[in-house]
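Per-entry structural report
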Amino acid sequence: MSDPLKSETHSNNFRRLGETEIHLSPIGLGTWQFSSGVGNLGKFWDPLKSDTMTGIVKTALNSGVNWFDTAESYGDGASERNLSTSLKSLDVTPGNVIIADKWWPKQRKASSIIETIEERLKCLQGYPIDLYQIHWPESESWLRTEMKMLAQLVDEGKVKAVGLCNYNRRDLKRAHRQLRKRGIPLASIQMRYSLAHRDIDRNNIMNVAKDLGVSVIAWSPLEQGLLTGRLHDNPESINNLNKHRVEMFGFSPQRLKQTQELINVLKKVAERHHATPAQISVAWLTQFHGESVFAIPGASSIEQAESNCASMLIKLTTDELGEIDEVSKSL
Ligand SMILES: NC(=O)c1ccc[n+]([C@@H]2O[C@H](COP(=O)([O-])OP(=O)(O)OC[C@H]3O[C@@H](n4cnc5c(N)ncnc54)[C@H](OP(=O)(O)O)[C@@H]3O)[C@@H](O)[C@H]2O)c1
């Protein structure tokens with residue numbers, strides 16, 4: 001396997017993660033789908049075969065992706081194990097790809113950030129954690145204590161950088177301040193962000209993150225398949241989707257109607273680029289705000305991974321970025 005961090009062809013596209021020394025491809029691979037059906041969050045996806053997961057990881061690496069997003073809660077460690085097993089079987093040397101992992105805070109105190117890190121590293125089978133994120137803002141400890149624990153992990157060399165997910169604007173600023181006092185930059189905030197879900201553009205998280213030098217990582221950038229247009233083309237297929245996903249994303253005939261015009265514009269732009277609506281969606285996310293936003297599309301198949309990663313090859317024009325912005329911003 002080629003060394004993704006040293007690849008001449010791809011490294012030109014890498015962008016800096018916040019104010020850290022970590023450089024990432026605009027797209028990372030989301031690996032919630034690697035949960036093997038285990039636990040509360042595993043219920044959202046059918047288990048994937050190990051060959052499929054290895055194929056998805058290989059496709060991502062071959063397409064110039066140099067990082068992977070996983071979490072403790074994705075199958076209670078299954079995603080971390082499946083990801084690292086795939087990397088091992090592809091002979092990827094630990095340290096030659098970037099891993100973003102997450103601590104699960106619900107019904108836990110911040111001390112568990114320290115107590116559980118060895119378990120996370122064990123599940124990753126020798127692959128170090130580059131970015132360690134708090135998965136949700138709802139632990140049983142104060143934010144200040146959470147930041148203290150994250151900083152301790154950086155100081156001890158257990159993780160290289162730290163980030164948040166799903167925090168509000170006020171807590172984003174507070175977390176940034178607390179870490180700065182300890183000399184550590186807050187690298188990123190991971191938020192639900194797609195052309196059909198632009199809350200962070202409206203509630204100012206985007207602007208605050210930019211002002212603070214914190215990267216935004218867009219989760220569910222395809223709105224779990226909605227932005228491919230495949231549900232619009234075949235509305236009955238909603239009935240075959242996993243019920244947890246239907247509930248979380250509000251897939252319904254009304255939702256399809258509401259987003260139809262966006263899909264029409266995406267299809268029109270896609271045709272011009274010999275691309276798909278999904279590829280245009282991901283390209284827009286990683287280009288509209290300059291280099292501030294990374295996207296981490298998940299894939300249930302090798303073909304999906306191949307198609308999603310290829311969106312890094314698309315360059316949208318200013319007019320196209322504006323037209324897509326216009327039709328999506330009121331949704
Ligand atoms: N921090 C957080 O709170 C948080 C929350 C959610 C997710 N995440 C992260 O973000 C990643 C991405 O989010 P996500 O997986 O929820 O949503 P997503 O990336 O928007 O959607 C992924 C799903 O969409 C479908 N899909 C993807 N590419 C496709 C293509 N090219 N053509 C047709 N269908 C395609 C597949 O579903 P089918 O199985 O139906 O084909 C795939 O499993 C996750 O893997 C995870 O790492 C983080």
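These figures come from a predicted structure and were not determined experimentally.

With that out of the way, let us pick up helix 14 (residues 277–287). An α-helix turns once per 3.6 residues; consequently, residues spaced three or four apart project the same way. Among the 11 residues in helix 14, 11 count as buried, and that is most of the element. Residues Pro-277, Ala-278, Gln-279, Ile-280, Ser-281, Val-282, Ala-283, Trp-284, Leu-285, Thr-286 and Gln-287 constitute the buried set of helix 14.

Right, let's get into the packing of aromatic side chains. Inspection of every chain in the model, using the stated rule, returns 6 aromatic pairs. Centre to centre, the rings of Phe-249 and Phe-251 are 5.9 Å apart; their planes meet at 15°, and the pair counts as stacked. Taking relative accessible area as the criterion, Phe-251 reaches 5% and is therefore assigned buried. Here the aromatic residues Trp-32, Phe-44, Trp-45 and Tyr-74 are joined through ring pairs into a cluster of three or more. One cation-aromatic arrangement involves Arg-15 over Phe-294; the distance from NZ or CZ to the ring centre is 6.0 Å.

Turning to the sheet that holds strand 8 (residues 186–192), a few remarks are in order. Read across the open sheet, the 8 strands follow the order 3-4-5-6-7-8-9-10; overall the sheet is parallel. Each having just a single partner strand, strand 3 (29–30) and strand 10 (293–295) make up the two edges of the open sheet. Bridge count between strand 5 (residues 98–103) and strand 6 (residues 129–134): 4 bridges; the pairing is parallel. Looking at the pairing, Lys-102 lines up with Gln-133 of strand 6.

Within strand 8, 7 of the 7 residues are buried, which leaves it mostly tucked inside the rest of the structure. Bridge count between strand 7 (residues 159–165) and strand 8: 4 bridges; the pairing is parallel. Looking across to strand 8, one finds that Gly-163 is bridged to Ser-188. Regarding topology, helix 8 (residues 169–181) serves as the crossover connection from strand 7 to the parallel strand 8, and that connection is right-handed. In this structure, strand 8 lies alongside strand 9 (residues 215–219), joined through 5 bridges in parallel fashion. Across the sheet, the residue bridging to Met-191 is Ala-218, located in strand 9.

For the rest of this paragraph, the subject is helix 16 (residues 318–328). Along helix 16, the residues that are buried comprise Glu-320, Leu-321, Ile-324, Asp-325, Val-327 and Ser-328. Where the residues of helix 16 are buried, they touch helix 13 (253–272) and helix 14.

With that settled, the discussion passes to the site of the ligand. Around the ligand lies a shell of 31 residues, among which Asp-69, Leu-222, Gln-224, Arg-230 and Ser-300 are the nearest. Within the side chain of Asn-166, one N or O atom sits 2.9 Å away from an oxygen atom of the ligand. One of the side-chain nitrogen or oxygen atoms of Arg-245 is found 3.0 Å away from an oxygen atom of the ligand. For the ligand, whose accessible area on its own is 910 Å², the fraction buried by protein is 92%. Ranked by residues supplied to the shell around the ligand, first place goes to helix 15 (residues 302–309) with 3 residues. Of the residues in the shell around the ligand, the class split is 11 nonpolar, 15 polar and 5 charged.

In contact at an axis separation of 8 Å, helix 13 and helix 14 are set at 95° when each is read in the N-to-C sense. It follows from the interaxial angle that helix 13 and helix 14 lie roughly perpendicular. For the pair helix 13 and helix 14, the contacting residues are Leu-266, Lys-267, Val-269 and Ala-270 in the first and Pro-277, Ile-280 and Ser-281 in the second. By residue class, the composition of the contact of helix 13 with helix 14 is 5 nonpolar, 1 polar and 1 charged.

Enumeration over the complete set of coordinates arrives at 21 salt bridges. As a salt-bridge pair, Glu-72 and Arg-108 come within 2.9 Å of each other at their nearest N and O atoms. Residue Glu-72 is located in the loop between strand 4 (67–69) and helix 4 (78–89), and its partner Arg-108 is located in the loop between strand 5 and helix 5 (111–115); the two are separated by 36 residues in the primary sequence. Take Glu-72: its relative accessible area is 9%, and that puts it in the buried class. Linking Lys-158 and Glu-156 is a salt bridge whose minimum nitrogen-to-oxygen distance equals 3.7 Å. The class for Lys-158 is partly exposed, based on a relative accessible area of 27%.

Criteria and thresholds
- Sequence order as written defines residue numbering, which begins from 1 separately in each chain.
- Local features in this predicted model are restricted to residues whose pLDDT is 70 or higher, and side-chain atom pairs enter the listing and the counts only when it is 80 or higher, whereas totals over whole chains, interfaces and linings include all residues.
- Side-chain measures here rest on the full set of heavy atoms in the structure, leaving out hydrogens and waters.
- The buried label applies to any residue whose accessible area, calculated with a 1.4 Å probe on protein chains only, is under 20% of its type's maximum; exposed applies above 50%, and partly exposed to all values in between.
- Strands here mean DSSP runs of E at least two residues long; helices mean DSSP runs of H or I at least four residues long; both are numbered from the N terminus.
- Planes of paired rings set the category: under 30 degrees apart is stacked, over 60 is edge-to-face and the rest tilted, where pairs are Phe, Tyr or Trp rings (Trp by its six-membered ring) whose centres lie within 6.5 Å.
- Counting as a charge over the ring demands two things of the Lys NZ or Arg CZ atom: a distance within 6 Å of the ring centre and an angle within 35 degrees of the ring normal.
- Between any two strands, pairing holds if DSSP finds at least two bridges.
- Convention used here: a crossover is right-handed provided that the path from the first strand, over the helix, to the second strand proceeds clockwise when the strands point away from the viewer.
- We call two residues in contact whenever any of their non-hydrogen atoms come within 4.5 Å of each other.
- Any residue with a non-hydrogen atom lying within 4 Å of a molecule or strand is treated as near it.
- Polar contact is the term for a pair of N or O atoms within 3.5 Å; when the atoms are in protein, one must be able to donate a hydrogen and the other to accept it, and sequence-neighboring residues count only if both atoms are side-chain atoms.
- Only the protein chains shown count as cover for residues, and the accessible areas themselves come from Shrake-Rupley with a 1.4 Å probe.
- Gly falls in the polar group here, along with every residue not listed as nonpolar (Ala, Val, Leu, Ile, Met, Phe, Trp, Tyr, Cys, Pro) or charged (Asp, Glu, Lys, Arg).
- Convention adopted: a line fitted to C-alpha atoms gives each axis, helices being fitted over their contacting stretch, and angles between N-to-C directions are expressed from 0 to 180 degrees.
- Convention used here: angles under 35 degrees read as roughly parallel, angles over 145 as roughly antiparallel, angles from 65 to 115 as roughly perpendicular, and any remaining angle as oblique.
- What makes a salt bridge here is a side-chain nitrogen of Lys or Arg within 4 Å of a carboxyl oxygen of Asp or Glu, nothing more.

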